[in-house]
Each structure stands twice: as C-alpha cells, then as structure tokens.
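An overview of the molecular structure
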Amino acid sequence: MKKPKIKYCRLGLSNRYENYIEINQKLKRKKYKKLRNYIIKHEEGHTLNEFDLFHEFKIPPRIIPRLLWFIITTPETWIDFFPIQYKNKKLIYDSNMLILYIMIIAIIFGYYLII
Ligand SMILES: [Zn+2]
C-alpha cells in the first residue's frame, strides 16, 4: 500500500483520511520526533473502512507518558476527543469515539442502577 502524505494542522491531534494523514503542527518540533513517528505509524495502521476501536488501544506503554503530556499541554488537540466535530464547514463524527462515549455512559448508568 502507498504511504499516505503527511499534512500538519492547527487543531486536533491526528486523523487519518483517505489519501493523507493530518497531525498537529506542534509535532513538527524536534523534541517530539519520537512521538511524531509513533503517531504517523499509528495513523498508517488505521484501516479506513473497518471498525477498529481496538487499534486505538494498541499504544505501546513507553509512549503513553509522552503522548499524555503532549495532549495535556496542547489544548488544540482536545478537539479530537469530542465524538462530534465541526471541521472544514462540515459536521463530522468519529464512530470509534462515539462508541467509546456510549460505553462509558452505559457503564456509569449501569453502575448507578445497581447501587
Ligand atoms: Zn487512531
């Protein structure tokens, strides 16, 4: 498969599109080289048509502190954690995120019903 092109964006952490990968422009910085390489690899690993929630959790443990730190210190990336976004004048939703949120709500709700 052909490697997708990399584009840098101001908002969001990273996204996979049909022909390209979009990653946050702050990842261009030298100090984020390792993290950037990981994110690119992760996005390349996304299959576009399939439902691949599990892929989101295949984060190597050694990269987690670096990734969390980048997300916490870069508020522009938080937009990627909303299940519904308004981007390029279009309302788009992330089915993986949507399912994740429904699961969390269901767990909280289920827990509330039990006690
Ligand atoms: Zn992903």
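Residues numbered from 1 in each chain as written. Predicted model: local features only at pLDDT ≥ 70, side-chain atom pairs only at ≥ 80, totals over all residues.

Concerning the overall build of the chain
Spelled out, the test is: The helix and strand labels rest on DSSP assignments: H or I over at least four residues marks a helix, E over at least two residues marks a strand, and numbering proceeds from the N terminus. Each residue is classified by how many other C-beta atoms fall within 10 Å of its C-beta atom, where C-beta atoms are placed from the backbone; a count of 20 or more means buried, 12 or fewer means exposed, and values in between mean partly exposed. Here, residues touch in the contact sense if the C-beta positions derived from the backbone fall within 7 Å of one another.
Each helix and strand in the chain was counted, giving four helices and five strands. From first element to last, N terminus to C terminus, the chain shows the α and β order β-β-β-α-α-α-β-β-α. Structurally, the chain occupies a C-alpha span of about 50 × 30 × 30 Å along its principal axes. Looking at the 115 residues of the chain, the share that counts as buried comes to 10%. Here the analysis covers contacts within the chain between residues at least 6 apart in sequence; of these, 40% occur between residues at least 24 apart.

Re the domain arrangement of the chain
We apply this condition: In this document the domain limits rely on a domain assignment from an automatic tool or a database.
The domains assigned to the chain are domain 1 (1–80) and domain 2 (82–115). The C-alpha-based centres of domain 1 and domain 2 are spaced at 20 Å.

Observations concerning helix H4 (residues 95–114)
For the record, the criterion: Between the first and last residue of a helix there are one fewer steps than residues, each counted as 1.5 Å, and that sum is the expected span.
For H4, which comprises 20 residues, the first-to-last C-alpha distance of 28 Å matches the rise-based estimate of 28 Å (1.5 Å per residue) to within 8%. Burial analysis of H4 places just zero of its 20 residues in the buried class, a small minority of the element.

Thoughts on the pairing of strand S3 (residues 20–24)
Condition: Pairing between two strands requires that DSSP report at least two bridges joining them.
The buried fraction of S3 is high, at four of five residues. Bridge analysis of strand S1 (residues 5–9) against S3 gives five bridges, and the strand direction is parallel. Residue Lys7 lies in a different strand from S3, and its bridge partner there is Glu22. Examined bridge by bridge, strand S2 (residues 14–16) and S3 share three bridges and lie antiparallel to one another. Counted as the bridge partner of Arg16 is Ile21 from S3. Two successive antiparallel strands, S2 and S3, enclose a turn made up of three residues.

Regarding the environment of His42
For His42, the location among the structural elements is in helix H1 (residues 33–44). Along the backbone, His42 and Ser14 are 28 residues apart, and their C-alpha atoms lie at a distance of 9.5 Å.

Concerning the environment of Gln25
With respect to the secondary-structure elements, Gln25 resides in the loop between S3 and H1. Taking the number of C-beta atoms within 10 Å as the measure of exposure, Gln25 has 14 and is therefore partly exposed. A C-alpha to C-alpha distance of 5.8 Å links Gln25 and Arg10, two positions 15 residues apart in sequence. Apart from residues no more than four positions distant in its own chain, Gln25 is found in contact with Tyr8, Cys9 and Arg10.

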